[in-house]
Amino acid sequence: MTDDEQHTTPSTPPPDDARVVERLVPIWLDETQHHDADAAHRAREGWRKGSLPADSARDFAHWVTARITDTAFNEDEGPDVAGPARITPADKSAVLRWLGEQGHAV
């Protein structure tokens, strides 16, 4: 691999990024519905149209960060990451890349 190839960033996110987002958005929307029905409605409408509103994108990024399962903490140290999906640091990176490609500064 040449130096140019190593420093080249893709112009579109890898397809796996979209799959990660498609897997996590419904779970996030369900959880958001329990806490803030109006925010969930706005996010769901945007998602149906193919994008997330800026405030929803920020909330989604924070949610993914807070729900990372592989934290290297033990049960006594926290955080509590129980939930319906296993979220890895790689998933978080995929979500943030995808959001960035959608024009969101998160």
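The structure displayed is predicted, hence computed values, not measured ones. (Residues numbered from 1 in each chain as written. Predicted model: local features only at pLDDT ≥ 70, side-chain atom pairs only at ≥ 80, totals over all residues. Heavy atoms only, no water.)

**Here's the deal with the side chain of T32**
For clarity, the cut-off: Comment: elements are numbered from the N terminus, with helices defined as DSSP H or I runs of at least four residues and strands as E runs of at least two. Note on exposure labels: buried denotes an accessible area under 20% of the residue type's maximum, exposed denotes more than 50%, and partly exposed covers the range between, all computed with a 1.4 Å probe on protein chains only. We call two residues in contact whenever any of their non-hydrogen atoms come within 4.5 Å of each other.
Turning to its location among the elements, T32 is positioned in helix 2 (residues 15-35). Its relative accessible area of 15% is what places T32 among the buried residues. Not counting chain neighbours up to four residues away, the residues in contact with T32 comprise A37, A39 and A40.

**Observations regarding helix 5 (residues 89-101)**
Short version of the rule: In a helix, the anticipated span is given by 1.5 Å times the number of residues less one. To be clear, the arc concerns the directions from the helix axis to the C-beta atoms.
If you check helix 5, its first and last C-alpha atoms are 18 Å apart, about what 13 residues at 1.5 Å a residue would give, namely 18 Å. Among the residues of helix 5, those classed as buried are D91, A94, V95, W98 and L99. The buried residues of helix 5 occupy an angular sector of 130° when projected down its axis, which confines them to one face. Here the buried face of helix 5 lies against helix 2, helix 3 (37-48) and helix 4 (54-66). Downstream of helix 5 by one or two residues, G103 has phi in the positive range, about 95°.

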